[in-house]
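A structural walkthrough
Spelled out from the first residue to the last, the chains are:
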Amino acid sequence: MRPLPALSALLVLLPASACTTGPALENRGEITAPPGDSKHLTIGSAGFTESDLLAQMYAALLGRAGYSTKIISVSNREIYEPALESGQIDVVPEYAATFADWLNARKNGADAAPVGSPDLAATMRALRALAEPRGLTVLDPGRAVDQNAFAVAAPYAAKHRLKTLSDLGRSGLPVRLAAGDECVQRPYCAPGLRKTYGIRVTAVDPKGVGTTQAKRAVQKGQDQMVLTTTTDATLDAFGLVLLADDKHLQNADYLVPVVNRSRAGGEGVRKALGKLNTVLTTADLARLDERVDSWRRLPEDVARAYLESKKLIRP
């Protein structure tokens, strides 16, 4: 596996102006020009397991379609998004609602009302409207979604017949929630659980989002529920089960490839990456994350094995 450059290596590549705003008005012609189709593409990873896996799958699919690719890792969106605009990075895996809200805050300020929502179609419209003036094209989302989720101990769920968050709300059970500090105020977390589901959240135990410490607290009964994600592959190991978000409190954080339009906005890239949309599910992604995080497999090997199993690339 090719070693990934350090973050500082990419920082050197970026001029200071790349970290301010989108394309200047004098460069707006680049946005309205026909989409480009460079055969040499740089794929960005955000430096965590899932992003690394997706970057490796993108590279394999694009390689199969005749593109030459390399992967660089940049863990800070404030760095890699301007690099994507400038063409120093051509393709990145993103999350629809999160990226829409990030671009919206960048354009309209940190206090701007969120544009990401549980409605995927509305979220994609908002995301594309914000991305296009920056010279970015957001490709179609697939089936996989990595969004906030809530888990309880399996014996607790069985005892109280809980399958959904609505079930927990109707039960009237007091719930101490293991989560991050911000859960106290975030609308998707404690306030949303109370308002949308009527769940009696009595306290937030600040143990972090999906951390081992948080899961163990629920496993031992110190807390009743933990904030994690839909692709958390370690829940079984702690004897935890997800409760379905049946009223759609969480935003539509479906996986979407985002590309630099002038270099990778052509039909070739769209078709190559679109093949992943028909096969990759949330459950698949959780299993792939597990192979890297728990089994200590290389993301490159896990990604290639998955694509081969789905007959998207050849062995």
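One can find the structure itself at the top, above this paragraph.
The notes below deal with the structure included here. This one's a predicted model, so the numbers in the text were calculated from it and none came from an experiment.

As a further point, take unusual backbone geometry. Despite not being glycine, His 248 has its phi angle at roughly 55°, a positive value. Relative to the helices and strands, His 248 resides in the loop between strand S9 (240-243) and strand S10 (255-260). You will see that Arg 296, though not glycine, has its phi angle at about 65°, which is positive. Residue classification places Arg 296 among the exposed residues on the basis of a relative accessible area of 68%.

Per the stated rule, a full pass over the model turns up 14 salt bridges. Of the charged contacts, one joins Asp 140 and Arg 128 as a salt bridge, the two residues approaching to 2.9 Å between their closest N and O atoms. Here Arg 128 lies in helix H6 (residues 120-131) and Asp 140 lies in the loop between strand S4 (136-138) and strand S5 (148-153), a separation of 12 residues in the sequence. Look at the salt bridges and you will find they share partners, linking Glu 81, Glu 85, Arg 106 and Arg 134 into a network.

Another aspect to go through is empty space enclosed by the protein. Once rolled over the atoms, a probe with the size of a water molecule shows which space is left empty. This model, assessed by the stated rule, comprises 1 cavity of 30 Å³ or more. Considered as a void within the structure, the largest cavity measures approximately 80 Å³ in volume. Around the largest cavity, the lining residues are Leu 54, Tyr 58, Gly 142, Arg 143, Ala 144, Leu 255, Val 256, Pro 257, Leu 273, Leu 276, Asn 277 and Leu 280. Elements with a minimum of two residues in the lining of the largest cavity: helix H3 (49-64), S10 and helix H12 (267-277). Here the lining of the largest cavity is built from residues that sort into 9 nonpolar, 2 polar and 1 charged.

Before going further, it helps to spend a moment on the layout of surface pockets. Roughly 1000 Å³ of internal volume is contained in the largest pocket. Lining the largest pocket we find 33 residues, and of these Thr 98, Asn 148, Arg 186, Tyr 188 and Asp 253 sit closest to its centre. Breaking the lining of the largest pocket down by element, the ones donating at least two residues are helix H4 (77-86), strand S3 (91-95) and helix H5 (96-108). Taken together, the residues of the lining of the largest pocket break down into 15 nonpolar, 10 polar and 8 charged.

On to the state of the cysteines. In the structure shown here, the tally under the stated rule is 1 disulfide. In this model, Cys 183 is linked to Cys 189 through a disulfide, with the two sulfur atoms separated by 1.9 Å. Taking the sign of the S-S torsion, -85° for the link of Cys 183 and Cys 189, the bridge is left-handed. You'll find Cys 183 and Cys 189 in the same group, each marked buried.

Further remarks concern H6. For H6, which comprises 12 residues, the first-to-last C-alpha distance of 16 Å matches the rise-based estimate of 16 Å (1.5 Å per residue) to within 8%. Here H6 has its buried residues at Thr 123, Met 124, Ala 126, Leu 127, Leu 130 and Ala 131. Angularly, the buried residues of H6 cover 165° about the axis, an arc narrow enough to put them on a single face. Turning to H6, the residues buried within the fold contact H5, S4 and S10. Two or three places before Ala 121, at the start of H6, stands the capping residue Asp 119, its side-chain oxygen 3.0 Å from that residue's backbone nitrogen.

Bringing the packing of H3 against helix H14 (residues 299-309) into the picture now. Running from N to C, H3 and H14 cross one another at 55°; their axes reach a closest spacing of 8 Å. When the axes of H3 and H14 are compared, the pair comes out oblique. As H3 packs across H14, the resulting crossing turns out to be right-handed. Touching Asp 52, Leu 53, Gln 56, Met 57, Ala 60 and Leu 61 of H3 are Pro 299, Glu 300, Val 302, Ala 303, Arg 304, Tyr 306 and Leu 307, all from H14. For the contact of H3 with H14, the per-class residue count stands at 9 nonpolar, 1 polar and 3 charged.

The rules we used
Residues numbered from 1 in each chain as written. Predicted model: local features only at pLDDT ≥ 70, side-chain atom pairs only at ≥ 80, totals over all residues. Heavy atoms only, no water. Helix = DSSP H or I, 4+ residues; strand = E, 2+ residues; numbered from the N terminus. Buried < 20%, exposed > 50% of the residue type's maximum accessible area, 1.4 Å probe, protein only. Salt bridge = Lys/Arg side-chain N within 4 Å of Asp/Glu carboxyl O. 1 Å grid on protein atoms, 1.4 Å probe; cavity = no way out; pocket = protein on both sides within 12 Å on 5 of 7 lines; lining within 4 Å. Points joined across faces, edges and corners; volume = space filled by probe spheres on them. Nonpolar A, V, L, I, M, F, W, Y, C, P; charged D, E, K, R; others polar. Disulfide = S-S within 2.5 Å. Expected span 1.5 Å × (residues − 1). Arc of directions from axis to C-beta. Contact = heavy atoms within 4.5 Å. Polar contact = N/O pair within 3.5 Å; in protein donor to acceptor, adjacent residues only side chain to side chain. Axes fitted to C-alpha atoms, helices over the stretch in contact; angles between N-to-C directions. Parallel < 35°, antiparallel > 145°, perpendicular 65-115°, else oblique. Left-handed = near helix turned anticlockwise from the far one by under 90°.

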